[in-house]
Amino acid sequence: MSTDRKTLDERQQMTDLERLRHSCAHVMATAILRIWPDAQFAYGPPVENGFYYDFDMAHRITPEDFEKIEAEMKKVAKENQKFEYRAISRADAKAMAESGRLGGLGERPGNPSRFKLDLIDKIPEGEEISCFQNGDFIDLCAGPHVGYTSKCKNVKLMSVSSSFYLGDESKGQLQRLYGTAFENKELLEEHLVRLEEAKKRDHRRLGRELGLFHIDEMVGQGLVLWKPKGALVRRALQEFITEELDKQGYSQVFTPHIGKLDLYRTSGHFPYYQESQYPAIAEREVLEKLADEDATCATLVNGLSDGTFEGYLLKPMNCPHHIKIYASDPHSYRDLPVRLAEFGTVYRWEQSGELGGMTRVRGFTQDDAHLFCTPDQVAAEVTGCLDLVKKVLSTLGMHDYRVRLSLRDPASDKYVGSPENWDKAEAALREAVQTLGVAYTEELGEAAFYGPKIDFVVKDVIGREWQLGTVQVDYNLPVRFGLTYVGADNQPHVPVMIHRAPFGSMERFTGLLIEHFEGKFPTWLAPEQVRVLPISEKTMDFAEAATAKLADAGIRVTIDRDSDKIGAKIRLARLARVPYMLVIGQREAEEGTVSVRHRDRDDLGAQPLEAFIAGLTQEIRERKLGGE
């Protein structure tokens, strides 16, 4: 048995909602068996936002089957079957499984419950074996459940997919049917509305429709190609944060996308972080030598890991590079803090099944910075970093967030550095987070391997949570790299290092913004801020002149030169989420005005072109939300 097997007490620790969803999984199994009696069930736990059951049977479930299964589930709920607990002996459990009774509506001669037989063998000797029964359905289960199936009426089947028994491909493929359930009809309907809203806002669909980004199989999964419009959004974000960094005395740097393995051996990222990295790259001379010797791949991999061979790594972090920039010059306490910032691209190896659009990728650019300061400066510098994150979130109208203080688990050996330094770093962050005036939680075991951190977890407009900005205090990497500064006592001292990234990554943050705004970016972020719409060829000259004046003012503007009717032009501009449309007819051309339409506020009337430009440049400069 695996040592990470949950105890009975742990498995029975469910919230009321989880208990309901666990019960709904049994109701779903009952309904499936009534329709397809040959179904062989594995397990059916509650999960985030719902429940599922894994099973094997000849019929392949499709969404077209959902209505029929849901109708049968409603019958089971209406029958108000009692969930009854029963403890049984190992011998009885095996006999029931061999007869097909476990995970069935009755005995099934010639169709033993093969998954249940395997699961029984995995239960340690001495541990209680129990079943729960509702109506004719009985299954191996530790519980808990609600009292009666009548509680399981607010249910919706969501999706079907493939799975593997115990996650092992060698054990054969199963079907996994997902559902969700809530205590009442209103909560279920609210959840379904949120899901529909999430589909409307899906950044993968909107990114494609609005021409923001592309992921191409020939380039590689998880590697984002920023298209021109998406690049404009990214550039606006980078310009915004750069303005703030300039105000706070940051110095911008640039570092390569690759570094020697020894750099990451010193930092601890290699081999500690190895599972999340791309494989190391051997030097050409090493490859040629091993090829001449007919050496195995294992020889190369082991040699790179233990330092026998030199190699390089696609950088998983920017911090070691910034550390070497700091170390390249002598520093006095009078020079500190040194604040180094970079839009640095890093590479992480993610499993293909975990990749998703821009929010889970293999190559991403962090709005990264590393601050090197004296111990006395830590509190002020952390506060400055937190203020920067708050500035980013408030500018984008993201006021609903919580703060998480991620600490080390003293019982774990995955952290580097002395307990004393960890205590100092955690105390500094705890003191800083209390100045934010927002609720925060402390979570053991969630710290980075080199230091504790503060994470901002933002809730978007439909209630989903995203971990974005982060601030970390690090007493360890400066020690590992031998960093120093000369103190007031003319002696060498070790600086404290602060890692911070307000956006987190440009890819994930932009993906979030696409969904948060449903592609309707505030004007300062919109890739196309104004579209000029001449009504006919007769007004084209004035439209061209107006477009040139807008562009000269630094406004991102295009002109629709097609011969479509004005209604069609307005409709296309709305579909493209352009904030402002300037309709130019004969009167506007003669008077030097523009008829202004807003994406969300419709017709704003005619304005002199210069007045419109003045108002719009102020809106962009002040980074207003929604054109208010």
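Residues numbered from 1 in each chain as written. Predicted model: local features only at pLDDT ≥ 70, side-chain atom pairs only at ≥ 80, totals over all residues. Heavy atoms only, no water.

1. Some words on the overall build of the chain
Scanning the chain from terminus to terminus reveals 21 helices and 28 strands. Taken along the three principal axes of its C-alpha coordinates, the chain extends 85 × 75 × 60 Å. Look at the contacts in the chain between residues 6 or more apart in sequence, and 72% of them connect residues 24 or more apart. Carbon and sulfur atoms provide 50% of the accessible area of the chain, an area that totals close to 29600 Å². For the chain, the distance from the average site of its 81 positive side-chain charges to the average site of its 98 negative ones is 4 Å. (Helix = DSSP H or I, 4+ residues; strand = E, 2+ residues; numbered from the N terminus. Contact = heavy atoms within 4.5 Å. Areas by Shrake-Rupley, 256 points an atom, 1.4 Å probe, with all protein chains shown as cover. Lys, Arg positive; Asp, Glu negative; His and termini not counted. Charge placed at Lys NZ, Arg CZ, Asp CG, Glu CD.)

2. Focus on the confidence of the model for the chain
Across the chain, the average pLDDT comes to 90, with 98% of residues at or above 70. Note that residues 1-5 has pLDDT below 50 and, in this model, nine contacts with residues that lie over four places away or in other chains. (pLDDT = per-residue confidence, 0-100.)

3. A few points about the sheet that holds strand β27 (residues 593-598)
Across the sheet, which stays open at both edges, the five strands sit in the order β25-β24-β26-β27-β28 with mixed pairing between neighbours. At either end of the open sheet lies a strand with only one pairing partner, and these are β25 (557-559) and β28 (602-608). With strand direction ignored, the average angle separating the axes of adjacent strands in the sheet is 25°. Here six bridges tie β27 to β28, and the two strands are oriented antiparallel to one another. If you follow V596 over to β28, its bridge partner there is G605. Along the sheet face, helix α19 (residues 566-575) touches β24 (530-534), β26 (580-584), β27 and β28 and points at about 170° away from the line of β24. (Pairing = 2+ DSSP bridges. Axes fitted to C-alpha atoms, helices over the stretch in contact; angles between N-to-C directions.)

4. What to know about the packing of helix α2 (residues 16-35) against helix α3 (residues 66-78)
Remark: α2 packs on α3, axes separated minimally by 8 Å, with the N-to-C direction vectors making an angle of 115°. If you check the angle between α2 and α3, you find them roughly perpendicular. In terms of crossing hand, the pair formed by α2 and α3 is right-handed. Residues C24, V27, M28, T30, A31, I32, R34 and I35 of α2 form the contact with α3, whose participating residues are K68, I69, E72, M73, K75 and V76. (Parallel < 35°, antiparallel > 145°, perpendicular 65-115°, else oblique. Left-handed = near helix turned anticlockwise from the far one by under 90°.)

5. Quick look at the pattern of salt bridges
The final tally for this structure, using the stated rule, is 39 salt bridges. With its nearest N and O atoms 3.7 Å apart, the salt bridge here joins R360 to E354. Overall, the relative accessible area of 36% leaves R360 in the partly exposed class. A single salt-bridge network, built from bridges that share partners, covers R34, E72, K75 and E79. (Salt bridge = Lys/Arg side-chain N within 4 Å of Asp/Glu carboxyl O. Buried < 20%, exposed > 50% of the residue type's maximum accessible area, 1.4 Å probe, protein only.)

6. Remarks on the sheet that holds strand β13 (residues 281-282)
The strand order across the open sheet formed by three strands is β12-β14-β13, and the pairing between neighbours is antiparallel. At either margin of the open sheet sits one strand with a lone partner, and together these are β12 (258-260) and β13. Sheet analysis places β13 next to strand β14 (residues 311-314), joined by two bridges and oriented antiparallel. Looking at β14, one finds that A282 is bridged to G311.

7. Focus on the packing of helix α14 (residues 378-395) against helix α15 (residues 419-433)
Running from amino to carboxyl end, α14 crosses α15 at an angle of 50°, the nearest separation of the two axes being 9 Å. The orientation of α14 relative to α15 falls into the category oblique. Where α14 crosses over α15, the handedness of that crossing is right-handed. Where α14 approaches α15, its residues V378, V382 and L386 are matched on the opposing element by A428, L429, A432 and V433.

8. Points about unusual backbone geometry
Put simply, G143 and P144 share a cis peptide bond, and its omega is 0°. Among the secondary structure elements, P144 is positioned in the loop between β6 (137-140) and β7 (155-164). Backbone torsion omega between L336 and P337 reads 5°, so that peptide bond is classified as cis. Mapped onto the fold, P337 is located in the loop between α13 (319-327) and β15 (338-347). Of note, D294 is a non-glycine position whose phi angle comes to about 55°, a positive value.

9. Regarding empty space enclosed by the protein
For the coordinates displayed, the defined rule picks out three cavities of 30 Å³ or more. Estimates place the volume of the largest cavity at around 100 Å³. Class assignment for the residues of the lining of the largest cavity results in eight nonpolar, one polar and three charged. Its boundaries defined by the atoms lining it, the second largest cavity holds a volume of some 60 Å³. (1 Å grid on protein atoms, 1.4 Å probe; cavity = no way out; pocket = protein on both sides within 12 Å on 5 of 7 lines; lining within 4 Å. Points joined across faces, edges and corners; volume = space filled by probe spheres on them. Nonpolar A, V, L, I, M, F, W, Y, C, P; charged D, E, K, R; others polar.)

10. Focus: the packing of aromatic side chains
For the structure on display, the rule yields 14 aromatic pairs. Between F115 and Y165, the ring centres sit 4.9 Å apart and the planes meet at 45°, which makes this aromatic pair tilted. Placement of F115 in helix α5 (residues 114-122) and of Y165 in the loop between β7 and β8 (173-181) is noted, with a sequence separation of 50 residues between them. Neither F115 nor Y165 differs from the other in exposure class; each is buried. For the pair Y326 and F372, a centre-to-centre distance of 4.5 Å together with 20° between the ring planes defines the contact as stacked. Taken together, the residues span a long stretch of sequence, with Y326 in helix α13 and F372 in strand β16 (residues 363-373) at a distance of 46 residues. (Phe/Tyr/Trp six-rings, centres within 6.5 Å; stacked < 30°, edge-to-face > 60°.)

11. Side note on a negative patch on the surface
Among the surface-exposed residues, E285, E288, D292 and D294 lie close enough to one another that they form a single negatively charged patch. Looking at the element boundaries, D292 is found in helix α11 (residues 284-292). The exposure class assigned to D292 is exposed, which follows from its relative accessible area of 68%. (Patch = residues over 30% accessible without salt bridge, like charges linked within 9 Å, V, L, I, M, F, W, Y side chains within 5 Å.)

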